[in-house]
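# Architecture and fold: a report
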Amino acid sequence: MSATVGVPSSIVVRDLLLSLWFSRWRIFLTMFAAMAIATYVALQIEPMYQAKSTLLVLLGPEHSVRPIAGQPPTSNFNVDPEQVFRTEADILGSSDLQRSVIEEIGVAKLYPELLKPPSQFARFINQVTTEAKAILGWRSGASGSAPGELIVQAQKKFANALGVGVDRKSNMLLLTFRHPDPVMAAQVLRLLEGRYFT
């Protein structure tokens, strides 16, 4: 039979404290490095503000069955309300509407970072991919800061920042737009709604 001998808890605690004491600088440097990295990452994140808006969609007489002459009007709808809401949401999220908002505000005001020249690293990556495509025989599309290309890039950013949702229970369209400038986010939604109603 083997018997286990219990080690007094004071010895275990003392050993643990001694090991912590002798490794104190390593622990301190590890904690300091982790805090420095976390602080750097937190400062690099650009704050995004979200503007919200709701639009009420009412089904009118244009969506109902028209009575035959002499019959009383009915309240039956010959279209599915879900289709109407989805159609209105698609109109609000359409690329034509987004493009008109971007053109009215201007790319320089809405997304000024698109007009900045690319960094040296980005130019290096672009040059490497262009040469790799040339070696492989692939055609490289025109890249650069042509006005049409800027609008396309701005539209991609705009589409990612815009949210259009349908609340089926309350017949509401929910609009959201995210932007680093809270005033610009609200202005974009107001302009989008104005373009939608005209």
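A quick note: this is a predicted structure, and the numbers were derived from the prediction, not measured. (Residues numbered from 1 in each chain as written. Predicted model: local features only at pLDDT ≥ 70, side-chain atom pairs only at ≥ 80, totals over all residues. Heavy atoms only, no water.)

### Brief notes about the pattern of salt bridges
Note the cut-off: Take a side-chain nitrogen of Lys or Arg and a carboxyl oxygen of Asp or Glu: if they are within 4 Å of each other, that pair is a salt bridge. Note on conventions: DSSP H or I runs of at least 4 residues are helices, E runs of at least 2 residues are strands, and numbering of each starts at the N terminus. Exposure categories follow from relative accessible area, calculated using a 1.4 Å probe and restricted to protein chains: below 20% of the type maximum is buried, above 50% is exposed, and the middle band is partly exposed.
Applying the stated rule across the entire model yields 3 salt bridges. Note that Glu 103 is salt-bridged to Arg 99, the shortest N-O span being 3.5 Å. With Glu 103 and Arg 99 both in helix H4 (residues 95-105) and 4 residues apart, the pair spans about one turn of that helix. Overall, Arg 99 belongs to the partly exposed group, its relative accessible area being 30%.

### Concerning the pairing of strand E3 (residues 172-179)
Let me state the cut-off plainly: Any two strands are treated as partners once DSSP identifies two or more bridges connecting them.
Across 8 bridges, the pairing between strand E1 (residues 49-56) and E3 is antiparallel. Its bridge partner being in E3, Leu 56 is matched across the sheet by Met 172. Here strand E2 (residues 162-167) pairs with E3 via 6 bridges, running antiparallel. Bridging across to E3, Leu 162 finds its partner in Phe 177.

### Considering the sheet that holds E1
Let me state the cut-off plainly: Inter-axis angles, ranging from 0 to 180 degrees, are taken between N-to-C directions of lines fitted to C-alpha atoms, where helices are fitted over the stretch in contact.
What the 3 strands build is an open sheet, ordered E1-E3-E2; its pairing is antiparallel. Two strands in the sheet have a free side with no partner beyond their single neighbour: E1 and E2. Taking each pair of neighbouring strands and ignoring which way they run, the sheet shows an average axis angle of 20°.

### Quick look at the nonpolar core
Note that soluble globular proteins tend to have their nonpolar side chains buried in a common cluster. Selection rule: Residues grouped as a nonpolar core are buried Ala, Val, Leu, Ile, Met, Phe, Trp, Tyr and Cys residues, joined through side-chain atoms within 4.5 Å. Contacts are assigned to residue pairs with any non-hydrogen atoms lying within 4.5 Å of each other.
Formed by 32 residues in total, the largest nonpolar core has its most connected members in Leu 92, Leu 110, Tyr 111, Phe 158, Leu 173, Phe 177 and Val 188. Looking at this core, the elements that each hand over two or more residues are E1, helix H3 (81-92), H4, helix H5 (107-110), helix H7 (147-161), E2, E3 and helix H8 (182-197). No other element matches the 7 residues that H8 contributes to this core. Ignoring any residue separated from it by four or fewer positions in sequence, one finds Phe 177 in contact with Tyr 49, Gln 50, Ala 51, Tyr 111, Phe 158, Ala 161, Leu 162, Ala 185, Val 188 and Leu 189.

### Observations concerning the packing of aromatic side chains
The criterion, for reference: Stacked, edge-to-face and tilted labels apply to pairs of Phe, Tyr and Trp rings (six-membered ring for Trp) whose centres lie within 6.5 Å, assigned for plane angles under 30 degrees, over 60, and everything in between, in that order. Only when the NZ of Lys or the CZ of Arg is both within 6 Å of the ring centre and within 35 degrees of the ring normal is a charge said to sit over the ring.
Per the stated rule, a full pass over the model turns up 4 aromatic pairs. Taken together, a centroid distance of 6.2 Å and an interplanar angle of 90° make the contact between Trp 25 and Phe 28 edge-to-face. With a gap of 3 residues between them, Trp 25 and Phe 28 both fall in helix H2 (residues 24-44), about one helical turn apart. A residue is classified by how much of its surface remains accessible, and Phe 28, at 48% relative accessible area, is partly exposed. One aromatic cluster in this structure is built from Trp 25, Phe 28 and Phe 32. Positioned above the aromatic ring of Trp 21, the side-chain terminus of Arg 24 is 3.9 Å from the ring centre.

### A closer look at the packing of H4 against H8
To keep it simple, the criterion reads: Angles are sorted into four bins: roughly parallel if under 35 degrees, roughly antiparallel if over 145, roughly perpendicular if 65 to 115, and oblique for all others. We call a crossing left-handed when the near helix sits turned anticlockwise from the far one by less than a right angle, and right-handed when that turn is clockwise.
Relative to each other, H4 and H8 sit at 125°, their axes nearing to 10 Å. Classified by the angle their axes make, H4 and H8 are oblique. The handedness of the crossing between H4 and H8 is right-handed. Here Leu 97, Ser 100, Val 101, Glu 104 and Ile 105 of H4 come into contact with H8, specifically with Met 184, Gln 187, Val 188, Leu 191, Leu 192, Arg 195 and Tyr 196.

### What to know about a nonpolar patch on the surface
Defined as follows: By definition, no residue in a patch forms a salt bridge, and every one has over 30% relative accessible area; like charges are joined within 9 Å, nonpolar side chains (Val, Leu, Ile, Met, Phe, Trp, Tyr) within 5 Å. We get accessible surface area from the Shrake-Rupley algorithm with a probe of 1.4 Å; when it comes to residues, only the shown protein chains can shield them.
Together, Val 13, Leu 16, Leu 17, Leu 20, Ile 27 and Met 31 give the surface a local cluster of nonpolar side chains, amounting to about 560 Å² of exposed area. Put simply, the parts of the chain that give the nonpolar patch at least two residues each are helix H1 (9-22) and H2. A total of 4 residues in the nonpolar patch trace back to one element, the largest contributor, which is H1. On the accessibility criterion, Ile 27 (35% relative accessible area) is partly exposed.

### Focus on the environment of Tyr 49
Along the chain, Tyr 49 turns up in strand E1. Other than its neighbours up to four places away in sequence, Tyr 49 contacts Phe 177, Arg 178, His 179, Pro 180, Asp 181, Pro 182 and Ala 185.

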